[in-house]
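A look at the structure
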Amino acid sequence: MVNKTLLLTYSYLLIYIILSSGVILYNKWVLSPKYFNFPLPITLTMIHMGFSGLVAFLLIRVFKVVSPVKMTFEIYVTCVVPISAFFASSLWFGNTAYLHISVAFIQMLKALMPVATFIMAVVCGTDKARCDVFLNMLLVSVGVVVSSYGEINFNIIGTVYQVTGIFAEALRLVLTQVLLQKKGLTLNPVTSLYYIAPCSFVFLSLPWYVLEKPNIEVSQIQFNFWIFFSNALCALALNFSIFLVIGRTGAVTIRVAGVLKDWILIALSTVIFPESTITGLNIIGYAIALCGVVMYNYIKIKDVKAAQPITDSLPDRITKDWKAKSSSDGESPRGIELIDEEAPLITSRLSHIGRTQLGTHTAV
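Since we're looking at a predicted model, the values are computed, not measured.

Procedures and definitions
- Residues numbered from 1 in each chain as written.
- Predicted model: local features only at pLDDT ≥ 70, side-chain atom pairs only at ≥ 80, totals over all residues.
- Heavy atoms only, no water.
- Helix = DSSP H or I, 4+ residues; strand = E, 2+ residues; numbered from the N terminus.
- Buried < 20%, exposed > 50% of the residue type's maximum accessible area, 1.4 Å probe, protein only.
- Areas by Shrake-Rupley, 256 points an atom, 1.4 Å probe, with all protein chains shown as cover.
- Expected span 1.5 Å × (residues − 1).
- Polar contact = N/O pair within 3.5 Å; in protein donor to acceptor, adjacent residues only side chain to side chain.
- Patch = residues over 30% accessible without salt bridge, like charges linked within 9 Å, V, L, I, M, F, W, Y side chains within 5 Å.
- Salt bridge = Lys/Arg side-chain N within 4 Å of Asp/Glu carboxyl O.
- Phe/Tyr/Trp six-rings, centres within 6.5 Å; stacked < 30°, edge-to-face > 60°.
- Axes fitted to C-alpha atoms, helices over the stretch in contact; angles between N-to-C directions.
- Parallel < 35°, antiparallel > 145°, perpendicular 65-115°, else oblique.
- Left-handed = near helix turned anticlockwise from the far one by under 90°.
- Contact = heavy atoms within 4.5 Å.
- Nonpolar A, V, L, I, M, F, W, Y, C, P; charged D, E, K, R; others polar.
- pLDDT = per-residue confidence, 0-100.
- Core = buried A, V, L, I, M, F, W, Y, C linked by side-chain atoms within 4.5 Å.

**Thoughts on the overall build of the protein**
For the protein, the helix and strand inventory stands at 12 helices and zero strands. Ordering the α and β elements of the protein from the N terminus gives α-α-α-α-α-α-α-α-α-α-α-α. Of all 364 residues assigned to the protein, the portion counted as buried reaches 54%. Within the structure as shown, the protein displays about 15500 Å² of accessible surface, and the carbon and sulfur contribution to it stands at 72%.

Dropping the structure here:
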């Protein structure tokens, strides 16, 4: 029984790693002018949002597989709308970065996610500045700077897009805790897609109309139904794989899987996209940043364990650990999360369990 359970757990982790890496590489291939040549990141993201929202609608309203939550107009306007706005922004900027910089360098920049979330949490008043966390954030930042300095094909535009997307995603994570969780609203993966995807689609339509619609009209853009359908399906499957991983593994396992995924993705991207060159300084910088991320993860996991009463029974500890993981906010100073930048649609309490980047965007 134990062996079967472990086998199932690691199977879910493997599926997550494959899907997460696959979605990132697939998006890069679709968007890159050197390959499929569909240089319209907002359009691609809107396809993902539309497909995800449609599937969620069918599951909730038509097949009634999942029950909708009690969503009032006030909660939707004051909570879902602003969260969707920053979510759409993170997807837009993150996907646009694929046009300018390599997948490997994007993964290295994503090491800044804990830094961005910590800063946003402090600014929004959901966490306090701590010396130990600050030093870890400083180490991560130094590592990213070193890695950027060693990037042969450094592009300031792509870097700005990616970093902006990271901070937009960090603010979304903080807003999720401040707005949704304080109102006691719990969204599972399907209801998250149902409420957030359509709203994000609307927000994305505004920059799409100004920036990409004219290009679609005047240029010969190829559209292959099966390419975009399979791409959107992979992104949707990634959301659900994250849900499965959250239910089967602990915080440490999730974070280790995230680090492993990042290294695998960096290696694969250099094989699939030969123009992506990794230098020794890239690796050194990313290793420094990774040390900061690992130390930060250790501090957060230790904080979660310290908050649990020693006298709790085993069932109580399991229950509290799940609640702690479920209510924590990703790479933020609030706990453990697993939100992949390629599938950030899961914004419920269940989504806040793991991320050293088990994390942007696409896109979902």
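**Structural notes on helix α2 (residues 41-62)**
Given a rise of 1.5 Å per residue, 22 residues ought to cover 32 Å, and the 31 Å separating the end C-alpha atoms of α2 matches this to within 8%. Taken from the residues just after α2, lysine 64 is the one with a positive phi, measuring 55°.

**Digging into the side chain of asparagine 27**
Structurally, asparagine 27 can be placed in helix α1 (residues 2-31). Engagement of the side chain of asparagine 27 in a polar contact is seen with the side chain of asparagine 231, the distance being 3.1 Å.

**Structural notes on a nonpolar patch on the surface**
A grouping of Leu54, Phe57, Leu58, Val62, Phe63 and Val65 is seen on the molecular surface, where their side chains present a nonpolar patch of about 570 Å² in accessible area. Of note, valine 62 is situated in helix α2.

**Quick look at the pattern of salt bridges**
When the charged atoms of two side chains with opposite charge come close together, those side chains can pair. Enumeration according to the criterion identifies four salt bridges in this entry. Residue arginine 130 is joined to aspartate 132 by a salt bridge in which the shortest nitrogen-to-oxygen separation is 2.9 Å. Since its relative accessible area comes to 27%, arginine 130 is described here as partly exposed. The class for aspartate 132 is partly exposed, based on a relative accessible area of 32%. By sharing partners, the salt bridges in this structure join Arg130, Asp132 and Asp303 into a single network.

**Re the packing of aromatic side chains**
One pass over the full model with this rule turns up 15 aromatic pairs. Measuring from centroid to centroid gives 5.0 Å for phenylalanine 225 and tryptophan 226, while their planes differ by 80°, and the two rings are edge-to-face. According to the relative accessible area criterion, tryptophan 226 is exposed, its value standing at 61%. What links up through ring pairs into an aromatic cluster is the set Tyr26, Trp29, Phe36, Phe38, Phe223 and Phe228.

**Considerations on the packing of helix α5 (residues 113-123) against helix α7 (residues 156-180)**
Where α5 meets α7, the closest approach of the two axes is 8 Å, and the angle between their N-to-C directions is 50°. Between α5 and α7, the angle falls in the class oblique. As for the relative orientation of α5 and α7, their crossing is right-handed in sense. Contacts between α5 and α7 involve Met113, Ala116, Thr117, Ile119, Met120 and Ala121 from the former and Ile166, Phe167, Glu169, Ala170, Leu171, Leu173 and Val174 from the latter. Classifying every residue of the contact of α5 with α7 gives 11 nonpolar, one polar and one charged.

**What to know about the packing of α2 against helix α3 (residues 73-97)**
Orientation of α2 relative to α3, taken along the N-to-C sense of each, is 130°, at an axis distance of 9 Å. The pairing of α2 with α3 is recorded here as oblique in orientation. As α2 packs across α3, the resulting crossing turns out to be right-handed. Between α2, through Pro41, Ile42, Thr45 and Met49, and α3, the contact on the second element is made entirely by Phe87, Leu91, Trp92, Asn95 and Thr96. The residue inventory of the contact of α2 with α3, partitioned by class, reads six nonpolar, three polar and no charged.

**Here we look at unusual backbone geometry**
Look at asparagine 37: it is not a glycine, yet its phi comes out positive at around 65°. Of note, asparagine 37 is situated in the loop between α1 and α2. Look at asparagine 37 and you get partly exposed, because its relative accessible area is 35%. The backbone phi angle of lysine 64 is positive, close to 55°, even though this residue is not glycine. Tracing the sequence through the fold places lysine 64 in the loop between α2 and α3.

**Details of the confidence of the model for the protein**
Of the residues in the protein, 82% reach a pLDDT of 70 or more, and the chain-wide mean stands at 82. Taken element by element, the predicted model of the protein shows its lowest mean pLDDT in helix α12 (residues 314-327) (44) and its highest in α2 (95).

**Quick notes on the nonpolar core**
The biggest cluster of nonpolar side chains holds 79 residues, and the ones touching the most others in it are Val30, Phe38, Val103, Val140, Val144 and Leu204. Tallying contributions element by element places α3 first for this core, with 10 residues. Apart from residues no more than four positions distant in its own chain, valine 140 is found in contact with Ala111, Leu112, Val115, Ala289, Gly292 and Val293.

**As for the environment of alanine 168**
As for its placement among the helices and strands, alanine 168 is situated in helix α7. By relative accessible area, which is 10% here, alanine 168 ends up buried. What alanine 168 contacts, discounting residues up to four positions off in sequence, is Phe86, Ser89 and Ser90.

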